[in-house]
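Fold and contact review
Residue-level listing of the chains:
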Amino acid sequence: MIRACRLGHMLLLCCNCDLSTSAQVFRMGSTVPTSADALVAGLACHAPIFPVKASNISVLREPRHFFEILKNGILRSKKRVVISSLYLGTDQLEQELVDSLAQRLNECVTASPLRVRVLLDCIRGSRGKANSRSMLLPLLQAHQHRMRVSLYHTPLLNQWFKYVIPEKFNETVGLQHIKIFLFDDDLVVSGANLSESYFTNRQDRYILIKNCPRLGDFCERLINIVGAHSYSLQPDDSLRAGQIDPLSMWTKSQFAESFRQAIHDLIKPKPTNDITTGRSDDADTWICPLVQMGPYNVRQDQRVMSQLLKETLPGCRTFLASGYFNLTEEYVDLIMKSQGQYRILTASPQANGFLGARGAAGHVPYAYLHIARWFYDRLLHERQTSRVTLEEYTRDGWTFHCKGMWYYLPQAELPVMTLVGSSNFGYRSVERDLELQFAVVTKNMTFQQELKKVGHCLSVYLSISPGQSRLLLSILS
């Protein structure tokens, strides 16, 4: 079964990779977490924590709401717009966002002008004649002193790889996958990219956090660090490397060490008497950014995720979603050994964004189906089908891109924590891509109910496909 599963992994990665990874030990605290306070205390030992009020957080449900928040956020910004995505599309709605940026830059030319920072993946953002670069170039030419467009290029994709791997599959080697959208001190956290389908009929998750200046500063510093280790788009459409070229074979180790050290300096835990440990008199919710950058041995998200899976108690319930079901073997093993209940939600082949694609990409949905079947076979073999269920999302005319976790303490009716961000919990997310996920712990019952409602809305579109025999024979509770 392991060999069969890896065949699916190889098709998805287009390269032969070792899927076994060992995370460093992460402890959620001296004891297994049984309360929101214990979760916050454990997270604060390993990452900065930002206390906020749940009344400042909105959970968005529809792609059109996501687009409206982005556009309105741009038009209301006065000091900063920070955007990080895999790519920017080239259709009408994406042009509306670019036009909104142009309008706001033209309006904000006072003593405190608006600054705009955009981070995209270089390979994905440069694909085709009309691409992310061509969309942003006129804006950059008009406002080059207040706007920066950074294009991250993984050092793993050297010239030899570019020669042997077809252009459409270059991104399988590694890419910039962080998705955050910051407008002054309002932050939108999501797993969505900036293209028309994500604004219309591609289901994702979106959380708006208002009035969070310290969290916003953290996110801007993170994007600035990645940007400093990326290519900078120039007004003539050329690319300029920073102090160290990521593709130079002579400075490869120097580049990796510079990147790793800068990120570690940013994400290291703060002193216990600092407010970022989560102690604030009026806070009822705590947000912890979790960075994962496998190529630079930054494994914050992996350590937290592994420990959460490991320490799940009897009575705990976990709702885990990924648009691309390709869990690492480490995560699968931990789920199998866990004592809690799991509902795992993924896209049906009909809701996979690759369905209908030309060439080898059109087979990707069936590779994920193959992996899901292997996973269900293992559930059967280890007699875990009453504790772990695997379910599909199917909605006519829609694709599925949701990812994250809803975490319920023993016997709790409402989730006390959610994970939301860019990670799909697979090999690429852990080892090859740049990822950012946010752990959100809350005591606020109203916010907990909102988180549960989102999970319920997704559950409405769960279905069993009769053509997939053993994949979804697990119960839908």
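Computed from a predicted structure; not experimentally measured.

Another aspect to go through is the pairing of strand β12 (residues 285-293). Counting buried positions over the nine residues of β12 gives nine, a clear majority of the element. On β12, burial covers both faces: Thr285, Ile287, Pro289, Val291 and Met293 on one face and Trp286, Cys288, Leu290 and Gln292 on the other are all buried. In terms of strand pairing, strand β1 (residues 50-52) meets β12 through three bridges, oriented antiparallel. If you follow valine 52 over to β12, its bridge partner there is threonine 285. For β12 and strand β20 (residues 434-442), the ladder comprises nine bridges, and the chain directions are antiparallel. Counterpart to cysteine 288 in the pairing with β20 is alanine 439. Judged from the two bridges that link them, β12 and strand β13 (residues 298-299) form a sheet pairing that is antiparallel. If you follow methionine 293 over to β13, its bridge partner there is valine 298. Linking β12 to β13, which pair antiparallel, is a turn of four residues; within it asparagine 297 sits at a positive phi near 55 degrees.

On the basis of which strands lie adjacent, the open sheet formed by nine strands has the order β2-β9-β7-β6-β3-β4-β5-β10-β11 and mixed pairing. Looking at which strands have only one partner, the edges of the open sheet turn out to be β2 (57-60) and β11 (239-240). Note that strand β5 (residues 147-152) and strand β10 (residues 231-233) share two bridges and pair antiparallel. Note on β10: the bridge partner recorded for serine 150 is serine 232.

What follows concerns the packing of aromatic side chains. Per the counting criterion, the structure on display carries 14 aromatic pairs. A centroid spacing of 5.0 Å and a plane angle of 50 degrees characterise the contact between phenylalanine 67 and phenylalanine 199, whose relative ring orientation is tilted. Within this pair, whereas phenylalanine 67 is found in helix α3 (residues 63-76), its partner phenylalanine 199 is found in helix α8 (residues 196-200), the two being separated by 132 residues in sequence. Relative to phenylalanine 259, the ring of tyrosine 152 has its centre 6.2 Å away and its plane inclined at 85 degrees; by these criteria the two rings are edge-to-face.

Estimates place the volume of the largest pocket at around 1,200 Å³. Surrounding the largest pocket, 47 residues form its lining, Arg124, Arg127, Glu171, Tyr324 and Phe354 being those nearest its centre. For the lining of the largest pocket, the secondary structure elements donating two or more residues are α1 (2-13), α8, α13 (364-381) and α14 (427-432). Residues of the lining of the largest pocket, tallied by class, amount to 19 nonpolar, 16 polar and 12 charged.

Our next topic: helix α6 (residues 132-142). For α6, the full list of buried residues reads Ser132, Arg133, Met135, Leu136, Leu137, Leu139 and Leu140. Measuring from the backbone nitrogen of arginine 133 back to the side-chain oxygen at the start of α6 gives 3.0 Å, which picks out asparagine 131 as the cap.

Along any regular strand the residues' side chains alternate between the sheet's two faces. Summarising burial for strand β18 (residues 403-408): six of the six residues are buried, a large majority. Burial along β18 is two-sided: Lys403, Met405 and Tyr407 and Gly404, Trp406 and Tyr408, pointing in opposite directions, are all buried. Note: strand β14 (residues 317-322) against β18, six bridges, orientation antiparallel. Residue serine 322 lies in a different strand from β18, and its bridge partner there is lysine 403. Of the strand pairs in this sheet, β18 and strand β19 (residues 417-421) are connected by three bridges, and their pairing is antiparallel. Bridge pairing in β19 places tyrosine 407 opposite methionine 417.

A word on the confidence of the model for the protein. Looking at the protein, the pLDDT average stands at 87 and 87% of residues meet or exceed 70. Note on residues 273-278: pLDDT is under 50 here. Beyond four places in sequence and across chains, it has 19 contacts. Considering only residues more than four positions removed or in separate chains, one finds that residues 464-477, a stretch of pLDDT under 50, has 31 contacts.

Now for the nonpolar core. Counting 55 residues, the largest nonpolar core has Leu187, Ile209, Leu215, Phe259, Ile263, Met293 and Phe438 as its most contacted members. Contact partners of methionine 293, with chain neighbours within four places excluded, come to Ile178, Leu222, Val226, Phe259, Ile263, Val298, Asp433 and Leu434. In terms of nonpolar packing, the next biggest core, distinct from the first, is built from 44 residues, Leu309, Val332, Tyr342 and Leu409 among them.

Moving on: the packing of α3 against helix α4 (residues 92-107). Direction vectors running N to C along α3 and α4 enclose 15 degrees, while the axes themselves pass 8 Å from each other. The orientation of α3 relative to α4 falls into the category roughly parallel. As α3 runs across α4, the sense of the crossing is right-handed. Only Leu93, Glu96, Leu97, Ser100, Leu101, Gln103 and Arg104 of α4 make contact with α3, whose side of the interface consists of Phe67, Leu70, Lys71, Ile74, Leu75 and Arg76. Residue composition of the contact of α3 with α4, by class: seven nonpolar, two polar and four charged.

Rules used throughout
Residues numbered from 1 in each chain as written. Predicted model: local features only at pLDDT ≥ 70, side-chain atom pairs only at ≥ 80, totals over all residues. Heavy atoms only, no water. Buried < 20%, exposed > 50% of the residue type's maximum accessible area, 1.4 Å probe, protein only. Helix = DSSP H or I, 4+ residues; strand = E, 2+ residues; numbered from the N terminus. Pairing = 2+ DSSP bridges. Phe/Tyr/Trp six-rings, centres within 6.5 Å; stacked < 30°, edge-to-face > 60°. 1 Å grid on protein atoms, 1.4 Å probe; cavity = no way out; pocket = protein on both sides within 12 Å on 5 of 7 lines; lining within 4 Å. Points joined across faces, edges and corners; volume = space filled by probe spheres on them. Nonpolar A, V, L, I, M, F, W, Y, C, P; charged D, E, K, R; others polar. Polar contact = N/O pair within 3.5 Å; in protein donor to acceptor, adjacent residues only side chain to side chain. pLDDT = per-residue confidence, 0-100. Contact = heavy atoms within 4.5 Å. Core = buried A, V, L, I, M, F, W, Y, C linked by side-chain atoms within 4.5 Å. Axes fitted to C-alpha atoms, helices over the stretch in contact; angles between N-to-C directions. Parallel < 35°, antiparallel > 145°, perpendicular 65-115°, else oblique. Left-handed = near helix turned anticlockwise from the far one by under 90°.

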